[in-house]
Amino acid sequence: MAALVGAAALACEGEDSGPGSLTVYSGRSESLVAPIIEQFADATGIDVNVRYAGTAAIAATLLEEGDNSPADVFFAQDPGGLGAVEDRLDPLPQSVLDLAPEWARSPDGRWVGTSGRARTLVYNTETLTESDLPDDIRGLTDPKWRGRIGWAPTNGSFQAMVTAMRSRWGEDATREWLEGVQANEATVYPKNTPQVAAAAAGEIDVGLVNHYYLHRFLTEEGDSFMARNYHPRGGGPGALVMVAGVGILSTSENKENAQRFIEFMLSLAAQQYFASQTYEYPLVEGVKTQRGLTPIEEINNPLVTPKEMADLEGTQALLREVGITP
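Residues numbered from 1 in each chain as written. Predicted model: local features only at pLDDT ≥ 70, side-chain atom pairs only at ≥ 80, totals over all residues. Heavy atoms only, no water.

Q: Got a minute to help me understand helix 10 (residues 255-265) in this structure?
A: The α-helix winds at 3.6 residues per turn, so residues separated by three or four positions along the chain end up facing the same way. Taken together, the buried positions of helix 10 are Asn 257, Ala 258, Phe 261, Ile 262, Phe 264 and Met 265. For helix 10, the buried positions fall inside an angular range of 160° around the axis, keeping them on one side. (Buried < 20%, exposed > 50% of the residue type's maximum accessible area, 1.4 Å probe, protein only. Helix = DSSP H or I, 4+ residues; strand = E, 2+ residues; numbered from the N terminus. Arc of directions from axis to C-beta.)

Q: Sorry, what's going on with the packing of aromatic side chains here?
A: Remark: the centre distance and the inter-plane angle together describe each pair of aromatic rings, the angle taken between the planes. In total, this model carries nine aromatic pairs according to the counting rule given. Taking 4.9 Å as the distance between ring centres and 10° as the angle between the ring planes, the aromatic pair formed by Phe 217 and Phe 225 counts as stacked. Since its relative accessible area comes to 13%, Phe 217 is described here as buried. Look at Phe 225 and you get buried, because its relative accessible area is 6%. Arg 51 extends its terminal NZ or CZ atom over the ring of Tyr 25, reaching a point 5.3 Å from the ring centre. When the ring centre of Trp 169 is taken as origin, the NZ or CZ atom of Arg 138, which lies over that ring, is 4.1 Å away. (Phe/Tyr/Trp six-rings, centres within 6.5 Å; stacked < 30°, edge-to-face > 60°. Lys NZ or Arg CZ within 6 Å of the ring centre and 35° of its normal.)

Q: Looking at this structure, I do not really get the side chain of Asn 301. What am I missing?
A: Tracing the sequence through the fold places Asn 301 in the loop between helix 11 (268-276) and helix 12 (312-322). A distance of 3.2 Å separates the side chain of Asn 301 from the backbone nitrogen of Val 241, its partner in a polar contact. In terms of polar contacts, Asn 301 uses its side chain to reach the backbone amide nitrogen of Leu 303, at 3.0 Å. Discounting chain neighbours no more than four positions away, the residues touching Asn 301 are Ala 239, Leu 240 and Val 241. (Polar contact = N/O pair within 3.5 Å; in protein donor to acceptor, adjacent residues only side chain to side chain. Contact = heavy atoms within 4.5 Å.)

Q: Mind showing me how you'd approach the pattern of salt bridges here?
A: Pairs can form between side chains of opposite charge once their charged atoms are near each other. If you walk through the whole model with that rule in mind, you get 14 salt bridges. One salt bridge in this structure joins Glu 65 and Arg 51, with 3.5 Å as the shortest N-O distance. With Glu 65 in helix 3 (residues 55-65) and Arg 51 in strand 2 (residues 47-52), this pair connects stretches of sequence that are 14 residues apart. Overlapping salt bridges, with partners in common, bring together Arg 28, Arg 117 and Glu 280 in one network. (Salt bridge = Lys/Arg side-chain N within 4 Å of Asp/Glu carboxyl O.)

Q: Even after reading the chapter, I still don't get the nonpolar core, so can you show me in this structure?
A: Soluble globular proteins: nonpolar side chains tend toward being buried together. Ranked by internal contacts, the top residues of the largest apolar core, which has 44 residues, are Ile 36, Phe 75 and Phe 261. A per-element tally of this core places helix 2 (residues 30-44) first, with six residues. Every residue in contact with Ile 36, bar those within four places of it in the chain, is listed here: Phe 264, Met 265, Ala 270, Tyr 273 and Phe 274. Leu 121, Leu 128, Ile 149 and Met 161 belong to the second-largest nonpolar core, a separate cluster that totals 25 residues. (Core = buried A, V, L, I, M, F, W, Y, C linked by side-chain atoms within 4.5 Å.)

Q: Would you mind going over helix 11 with me for this structure?
A: Along helix 11, the residues classified as buried are Ala 270, Gln 271, Tyr 273, Phe 274 and Ala 275. Those residues of helix 11 that are buried lie in contact with helix 2, strand 3 (73-76), strand 4 (112-124) and helix 10.

Q: Please clarify how the pairing of strand 2 should be interpreted in this entry.
A: For a regular strand, side-chain orientation follows a simple rule: the groups alternate between the two sheet faces. Here six bridges tie strand 1 (residues 21-26) to strand 2, and the two strands are oriented parallel to one another. Along strand 2, the bridge assignment pairs Val 24 with Val 50. Once you follow strand 1 into helix 2 and on to strand 2, the crossover reads as right-handed. (Pairing = 2+ DSSP bridges. Right-handed = clockwise from strand over helix to strand, strands pointing away.)

Q: In this structure, what is going on with unusual backbone geometry? I would like to understand it.
A: Residues apart from glycine generally show negative phi values, whereas peptide bonds are mostly found in trans. A positive phi angle, near 55°, is found at Glu 185, a position not held by glycine. Along the chain, Glu 185 falls in the loop between helix 7 (171-183) and strand 6 (187-188). A positive phi is found at Leu 303, a non-glycine position, where the angle reads about 55°. For Leu 303, a relative accessible area of 58% gives the class exposed.

Q: What exactly am I supposed to notice about the confidence of the model for the chain here?
A: In the predicted model, the chain carries a mean pLDDT of 92, and 95% of its residues have values of at least 70. This stretch, residues 1-15, has a pLDDT under 50; its non-local contacts, to residues over four places away or in other chains, come to zero contacts. (pLDDT = per-residue confidence, 0-100.)

Q: Just to check I follow, could you spell out the packing of helix 2 against helix 10 for this structure?
A: Helix-helix packing: each pair is described by the crossing angle between the helix axes and the interaxial distance. Direction vectors running N to C along helix 2 and helix 10 enclose 120°, while the axes themselves pass 11 Å from each other. If you check the angle between helix 2 and helix 10, you find them oblique. In this structure, the crossing between helix 2 and helix 10 has a hand that is right-handed. Where helix 2 abuts helix 10, its residues Ile 36, Ile 37, Gln 39, Phe 40, Ala 43 and Thr 44 lie against Asn 257, Arg 260, Phe 261, Phe 264 and Met 265. (Axes fitted to C-alpha atoms, helices over the stretch in contact; angles between N-to-C directions. Parallel < 35°, antiparallel > 145°, perpendicular 65-115°, else oblique. Left-handed = near helix turned anticlockwise from the far one by under 90°.)

Below, the structure is given as structure tokens:
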């Protein structure tokens, strides 16, 4: 009997435990990334659980949860969120980092970009042409833009742009810009999509958004949609190209699956998804971008480093201090 029990125990130890599980904390919206995460789950058999919220909120949650966090992966929409928790991320293998270009990685190798996203001005094409728009977003503090601007101060990408401003312009100049746009009675939106719709409807003339939301509308409504993107010709933070990125929590109990998740997001299949379904810029060669997308090399990107984008907490404090966010 004892021998039978022992044999059964050995059999259990030798059983395949299956592909296991993965918990993803996603600062990327469900509408953008749920389909590609489902593809990863289908391809690997891994049981994937996803928690969605804004990137800043997820970063705050990870800091609050500390070593007790159930998260394996942080999938963030911008480097600022990743930088806020970088001390809680494991260094990634060089083979994983090398899947993305150097400019799209953490300088310390703790996260890697998965797609490129450009800040832009979306504008109403009935009332404006590109020649009417300022060389860079500093021009939006001119009183002639009073009542014509939209912005989303609680949005993670907007806050990442402000972090880039603080890094390149300094605290005082950034504060002056925020107060100037505020004085121009900018309309506050909860996120990017309603800004793009408002620009096309003529409710605002310009909005501060990410580039890809316009392309979702163009796909659904056609070329007659009355809004277009303008990447400021003078460059600066308003022409910033950021990356969405991903890192593995040092407390993860599923690190092998977490690495597979990152490798999948940088595979040709996933990169083609980002290019053709979310209209972002792919980070690997050999992937076609969406028709009508401004080539990334034509954007006057200020090339702000991930390290310069890390102080999200300082940006949120400034926005509260100026009275733009609660």
